[in-house]
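# Notes for the structure review
Letter by letter, the chains look like this.
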Amino acid sequence: MRTWLHRQTFRPDITVVVFFGVVAVFFYGSILWTGYMSLTRSTLIPNYNFAGFDQYIRLFTNQRWLVSCLNMVIFGVLYIVGTLAFGTLLSVFADRRIRAESLFRTIFLYPLAVSLIVTGLSWRWVLDPVNGLQGLVRGMGWESFTFDWLTDPDRAIYTLVIAGIWHSAGLIMVIILAGLRGVDDDLWKAIRMEGIPLWRAYLQVIFPGMRPVVTSCVVLLMSDVIRGYDLVIAMTKGGPGIATEMPAKFAVDYYFARVNLGLASAASISMLVLSLLLLAPYFYSEFRRRM
Amino acid sequence: MTRSPPFERPVFGPRAARFGLYAFLFVSAAFFLLPLLLVISNSLKPMEEIRQGNLLAFPVKPTFDAWVTAWKSACTGLDCGGVRPGLWNSVKITVPAVVISTLAGALNGYALAQWKSRHANLIMLLVMVGLFIPYQAMLYPTVKILSSFGLFRTYCGIILVHVVYGLPYTTLLFRNFYVGVPEEISRAARMEGASFFRTFRSVILPLSTNILVVVAILQFTGIWNDYLLGLIFAGNDNLPMTVQLTNIVNNARGSASPNVNMAAAVITAIPTLIVYFLSGRYFVRGIAAGAVKG
Amino acid sequence: MSSVSIRKIRKSFAGLTVLDSVDMEIAPGEFIVILGPSGCGKSTLLNVIAGLDDCDSGQIVIDAVDVSGLEPSQRGLAMVFQSYALFPAMTVRRNLSFGMEVAGTPKATIVQKVDWVAKLLQIEALLDRKPSQLSGGQRQRVAIGRALVRSSSICLFDEPLSNLDAKLRAETRVELKQLHETLKSTMIYVTHDQIEAMTMADRVAVMHKGRVEQFAHPQSIYEKPASLFVAGFVGSPAMNLLEGSLDGTGCFLVGLRSISSSAYPFENPSAGEAVLGIRCEDIGIVEPGSPDSIPAQLAFTELLGADALGWFDCLGKRMSVRLGVDAARSMAKEVGLRFDMAKASFFSAATERRL
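What you see is a predicted model, and the numbers here were worked out from it, not measured in a lab. (Residues numbered from 1 in each chain as written. Chains lettered and ligands numbered in written order. Predicted model: local features only at pLDDT ≥ 70, side-chain atom pairs only at ≥ 80, totals over all residues. Heavy atoms only, no water.)

## Regarding the overall build of chain C
Counting secondary structure elements, chain C contains nine helices and 20 strands. The buried share of chain C, taken over its 355 residues, is 51%. A sequence separation of at least 24 residues applies to 66% of the contacts in chain C between residues at least 6 apart. Only carbon and sulfur atoms are counted for the fraction: they give 51% of the accessible area of chain C, which is about 15200 Å². (Helix = DSSP H or I, 4+ residues; strand = E, 2+ residues; numbered from the N terminus. Buried < 20%, exposed > 50% of the residue type's maximum accessible area, 1.4 Å probe, protein only. Contact = heavy atoms within 4.5 Å. Areas by Shrake-Rupley, 256 points an atom, 1.4 Å probe, with all protein chains shown as cover.)

## Some points on the overall build of chain A
Across its full length, chain A holds 14 helices and zero strands. Against the globule reference of 19 Å for 291 residues, chain A gives a C-alpha radius of gyration of 24 Å, more extended than a compact globule. Each principal axis of the C-alpha distribution contributes one length, and for chain A these read about 70 × 65 × 30 Å. Within chain A, buried positions represent 60% of all 291 residues. (Rg over C-alpha atoms; globule rule 2.2 N^0.38 Å.)

## Topic: the domain arrangement of chain C
Residues and elements named next belong to chain C. Looking at the assigned domains, one finds that chain C contains domain 1 (4–229) and domain 2 (237–348). On a C-alpha basis, the centres of domain 1 and domain 2 stand 39 Å from each other. In this complex, domain 1 contributes eight residues to the contact, which on the side of domain 2 involves nine residues. Buried surface at the junction of domain 1 and domain 2, both sides included, amounts to about 610 Å², of which 59% is carbon and sulfur. Per-residue buried area on domain 1 facing domain 2 is highest for Tyr 222, Pro 225 and Leu 228; these three make up 77% of the total on that side. (Domains from an automatic or database assignment. Buried area = accessible area lost by both parts, 1.4 Å probe.)

## Here's the deal with the pairing of strand β19 (residues 334–339) of chain C
Sheet faces and side chains relate simply in a regular strand, where the side chains alternate between the two faces. Residue and element names in this part refer to chain C. Bridge count between strand β15 (residues 283–286) and β19: four bridges; the pairing is antiparallel. Counted as the bridge partner of Gly 284 is Arg 338 from β19. As defined by bridge partners, strand β16 (residues 294–303) adjoins β19 across four bridges and the pair is classed as antiparallel. Within β19, the residue paired with Ala 296 across the bridge is Val 335. (Pairing = 2+ DSSP bridges.)

## Side note on the nonpolar core
Across soluble globular proteins, nonpolar side chains have a tendency to be buried as a group. If you look at the biggest cluster of nonpolar residues, it comprises 224 residues, and the most contacted ones within it are Ile206(A) and Ile6(C). Here the element with the most residues in this core is helix α8 (residues 156–181) of chain A; it accounts for 14 residues. Contact partners of Ile206(A), with chain neighbours within four places excluded, come to Leu180(A), Val183(A), Leu187(A), Trp188(A), Ile191(A) and Ala201(A). (Core = buried A, V, L, I, M, F, W, Y, C linked by side-chain atoms within 4.5 Å.)

## With respect to the sheet that holds β19(C)
Whether parallel or antiparallel, the strands of a sheet pair through hydrogen bonds between backbone atoms. All names here are of chain C. Taken in spatial order, the five strands of this open sheet run β15-β19-β16-β17-β18, and their pairing is antiparallel. For this open sheet the edge positions go to β15 and β18 (317–323), each flanked by a neighbour on one side alone. Each neighbouring strand pair of the sheet contributes to a mean axis angle of 45°, computed without reference to strand direction. As judged from the seven bridges shared by strand β17 (residues 308–314) and β18, these two strands associate in the antiparallel manner. Note on β18: the bridge partner recorded for Ala 308 is Leu 323. (Axes fitted to C-alpha atoms, helices over the stretch in contact; angles between N-to-C directions.)

## Overview of the confidence of the model for chain A
Residues and elements named next belong to chain A. For chain A, the average pLDDT comes to 84, and 95% of its residues sit at 70 or higher. Looking across chain A, the model is least confident in helix α1 (residues 2–7), with a mean pLDDT of 45, and most confident in helix α4 (residues 63–94), with 92. Predicted confidence is poor over residues 1–7, with pLDDT under 50, and the contacts of this stretch with residues over four places away or in other chains come to two contacts. (pLDDT = per-residue confidence, 0-100.)

## Things to note about the sheet that holds strand β1 (residues 4–13) of chain C
Residue and element names in this part refer to chain C. Judged by pairing direction, the sheet is antiparallel, and its four strands sit side by side in the order β2-β1-β4-β5 without closing on themselves. Both edges of this open sheet fall to β2 (16–26) and β5 (65–66), since each of them pairs with a single strand only. Taken together, the two bridges between strand β4 (residues 57–62) and β5 define a ladder with antiparallel strand orientation. Across the sheet, residue Ile 62 finds its bridge partner in β5, namely Val 65. Packing against the sheet, helix α1 (residues 42–50) makes contact with β1, β2 and β4, and its axis sits at approximately 60° to β2.

## Focus on a nonpolar patch on the surface
There is a patch of nonpolar side chains on the surface, built from Trp88(B), Val91(B), Val95(B), Val99(B), Ile100(B) and Leu103(B) and spanning about 530 Å² of accessible area. Mapped onto the secondary structure, Val95(B) falls in helix α4 (residues 84–114). (Patch = residues over 30% accessible without salt bridge, like charges linked within 9 Å, V, L, I, M, F, W, Y side chains within 5 Å. Salt bridge = Lys/Arg side-chain N within 4 Å of Asp/Glu carboxyl O.)

## Thoughts on the interface of chain A and chain B
Listed by partner, the interface residues are 96 residues for chain A and 98 residues for chain B. Both sides of the chain A and chain B interface together cover about 9400 Å² of buried area, and 76% of this is carbon and sulfur. The interface formed by chain A and chain B contains zero salt bridges. Counting every contact that joins chain A to chain B gives 14 residue pairs in polar contact (both at pLDDT 80 or more). By residue number, the principal contributor to the side of chain A that touches chain B is helix α2 (residues 12–37) of chain A, which donates 16 residues. Of the residues belonging to the side of chain A that touches chain B, the class tally is 65 nonpolar, 14 polar and 17 charged. (Polar contact = N/O pair within 3.5 Å; in protein donor to acceptor, adjacent residues only side chain to side chain. Nonpolar A, V, L, I, M, F, W, Y, C, P; charged D, E, K, R; others polar.)

## Things to note about the packing of helix α6 (residues 136–148) of chain B against helix α7 (residues 155–179) of chain B
Residue and element names in this part refer to chain B. Contact pair α6 / α7: the axes reach a minimum separation of 11 Å and the direction vectors enclose 135°. On the basis of their axis angle, the class for α6 and α7 is oblique. When you trace α6 past α7, the crossing you get is right-handed. Across the interface between the two elements, Met 138, Leu 139, Thr 142 and Leu 146 of α6 pack against Gly 157, Leu 160, Val 161 and Tyr 165 of α7. (Parallel < 35°, antiparallel > 145°, perpendicular 65-115°, else oblique. Left-handed = near helix turned anticlockwise from the far one by under 90°.)

## A closer look at the environment of Cys217(A)
Residue and element names in this part refer to chain A. Counting through the fold element by element, Cys 217 comes out in helix α11 (residues 211–227). A sequence separation of 49 residues divides Cys 217 from Ser 168, and the C-alpha atoms of the two residues are 10 Å apart. The residues touching Cys 217, leaving out its near neighbours within four places in the chain, are Leu 84, Ile 172, Ile 175 and Ile 176.

## A word on the pattern of salt bridges
Under the definition given, this model contains 32 salt bridges over all chains. Close ionic contact of Glu194(A) with Arg150(C) constitutes a salt bridge, the shortest N to O distance being 3.8 Å. Separated into two different chains, Glu194(A) in the loop between α9 (185–193) and α10 (198–209) and Arg150(C) in the loop between α4 (136–149) and β7 (154–158) make up a pair that spans both. In this structure, the salt-bridge partner of Glu101(C) is Arg94(C), at a minimum N-O distance of 2.8 Å.

## Section: helix α10 (residues 209–225) of chain B
For α10(B), which comprises 17 residues, the first-to-last C-alpha distance of 24 Å matches the rise-based estimate of 24 Å (1.5 Å per residue) to within 8%. Burial analysis of α10(B) places twelve of its 17 residues in the buried class, which makes it a mostly covered element. (Expected span 1.5 Å × (residues − 1).)

## Notes on the packing of aromatic side chains
Across all of its chains, the model carries 43 aromatic pairs over all chains by this definition. Judged by centre distance (5.3 Å) and plane angle (50°), the ring pair of Phe108(A) and Phe32(B) falls under tilted. Of this pair, Phe108(A) sits in helix α5 (residues 101–109) while Phe32(B) is found in helix α1 (residues 15–43), placing the two residues in two different chains. Pair check on accessibility: Phe108(A) and Phe32(B) agree, each one buried. Site record: aromatic cluster; members linked through ring pairs are Phe86(A), Phe93(A), Phe104(A), Phe108(A), Tyr110(A), Trp123(A), Trp166(A), Phe24(B), Phe26(B), Phe31(B) and Phe32(B). The ring of Tyr135(B) has Arg227(A) lying over it, and the distance from NZ or CZ to the ring centre is 4.6 Å. Stacked on the ring of Tyr155(B), the Lys or Arg Lys92(B) has its end atom at 5.3 Å from the ring centre. (Phe/Tyr/Trp six-rings, centres within 6.5 Å; stacked < 30°, edge-to-face > 60°. Lys NZ or Arg CZ within 6 Å of the ring centre and 35° of its normal.)

This is how it looks when you write it as structure tokens:
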């Protein structure tokens, strides 16, 4: 090893070491630090006295945190399923030799270039019960029309789903479409030779064959869900009440506004553990594939 | 082997199905365009028309007054300078952060692609996991690290944060690209006695124009649209546009003039939209490349 | 067993003529190989027969029924693809049965047929694996199996062996031939590999630029190529070609030298510019200066194991001659070459057709 290092003038290893050092310190070092803090009594200022799992107990008896988690599950499931379904449908149709394909694609994809802040604000205005759609339809004479999900504590979470799908469906469309375009011509020929109807071809042959693509879509969307902060801030600020609070917002609030470092750290670590649990199967298969 | 005309994918046969297909596409297009059109059209209305409350109506007397206000005199809190300072801040932050994270990602990606080791896969996995770590689990220690160097809430600090947080992503994108570049090219350069950095600069970088553009676009969109990191790390003098925008909208005086808010939102979205419309294919390619992370 | 008639098929694509009035009559149970270089239109022709590609004009008639307007699945054909095109997420068993399942075949029949094919191709052990867990050769078998379960009387092959390594290719070639003998179905097989064509076909159709240059038994394609293209394309090493002219009195003139063509069985006797083609094994080595011989200088020899090739400079051309290994080792520098004109070929320089 030593001689090898000395012999080389061609040294990718230095770069690798520097890079890995940065990742290790900023990412994994930070995580360990946060993890440690979550086990302390830190509030306003860090306090490095070990306090066991107190913060986690406090966290998981905190009504707001529990609501946040529930909200994340509701939002996550609807958002992932909705975006996947909508994006896949769009990609299948876009693969059908439609006219003006690139125009449609441009329209479906542009939300991705728009920040989640602007996305959230725009949908907040569109869905605003007074000035938005509801007011509009009522103004046209349908006085009893009600679409006040944005201000309805039971439904506000669905408005986040709508905005989320709006933002990401194009992404899924593009990824799935790239997968569809990569399908071997011979496979389509075989499908025609066997006389397999189109819907069965997609459901039973094409999509099952694209499982890695679909999986990476799900992974992408999942990380959106767990990190989801901007959209909530722009659209509902967690309200009405705490109806749309999310774990990511909970953690940031407790770090910077309510300054309870220990609790915020516990929340962050819980989010991290959750994402690792959700992603573990994916990483495991990725890792095995590469070995 | 044989060159033949491209095989034509089966089409929806019946005319009705074809009609349904287009109906679906048009409704979808309307869904995607609705918020943008609505916000733009209302940002062009004077206040009297806004008060009439019809969001979908086209502006009768289009005016850029709201845009002018949003640009230079809307209040973000105590000061009323519009989004103009925010735009400049965003440019100041985004440009160096994009350049540094892209080039550093290219160098790292190449190094990782070249690096043959039993542990290379493990490290790649750790880097990949890094992509999915919620920022929250790193925020506070990052604040502490930056503070100890006096960089917290400074211009350099926010750039550093964007570069470091973006590095795993750009590195992975480049690594995936460079793994596909024939190894013979690097070996040939090595046979000529070129050093690693020399090979990278003179041989590999010139091959990488496309991927550089792709990654730079992705990073530009990501950093420009960032809210959380800007909010925490930029400091009051460098707040990016997204933060300024929410401040304007959430300002007590702001809620009285939705047209100004909408104009500010449109102005904030314009740079990335321009990049999107100009870069078309690159953007799409970048997304497809970025999706298959790993 | 079914007959296939290909009648005046034309197709152009983006201003390029891909198929130029292709005619072929295929008898029931024949093994037909369509042979040609890349871009000659052979795969397109196969796709047109299958119904996967439309043609601009012409008819495909199977057993006296015009199927030109029918969907591929209704033509009663089976097809094996170059990239195998197995259904990726399905087990081998499901790959074999899926088509029948969609067509509503009774379960018992499906099971019976899958068993039959699995036994025939010896893939019983693979039935519960996914395509990704199979080797190239195994995928190949499954692809053939999927075609066979359709019990079609006609089976189409689109370069099915080109993704296999050389050894496996040779083995599969033999097996396919045996399979044809067992099943006796009509097979149409597209390839660019002349060994496959020579070994498997009852008849070979050599295609070039969208036309069928020659459609005949492989041996007669080798011995009596119908055109200059076939002469150059079939056979390794390629046929030796000498440009010259026929004087109409039984002599072929190359520069100042004259070669007697009286032994050549002309089908279309003519005079004028012509090309003489002669296989490397139809040239004899004689003492320099012997009668009816042409002086030549040895350039180099290649030992091929069983025999050898001698390369000679003769009449301004480099010509190959098949030699015994011993003869090749002791070959003199200056020799005379004697052509066996009874086995030679003459082509018109103008039409490039056989004379």
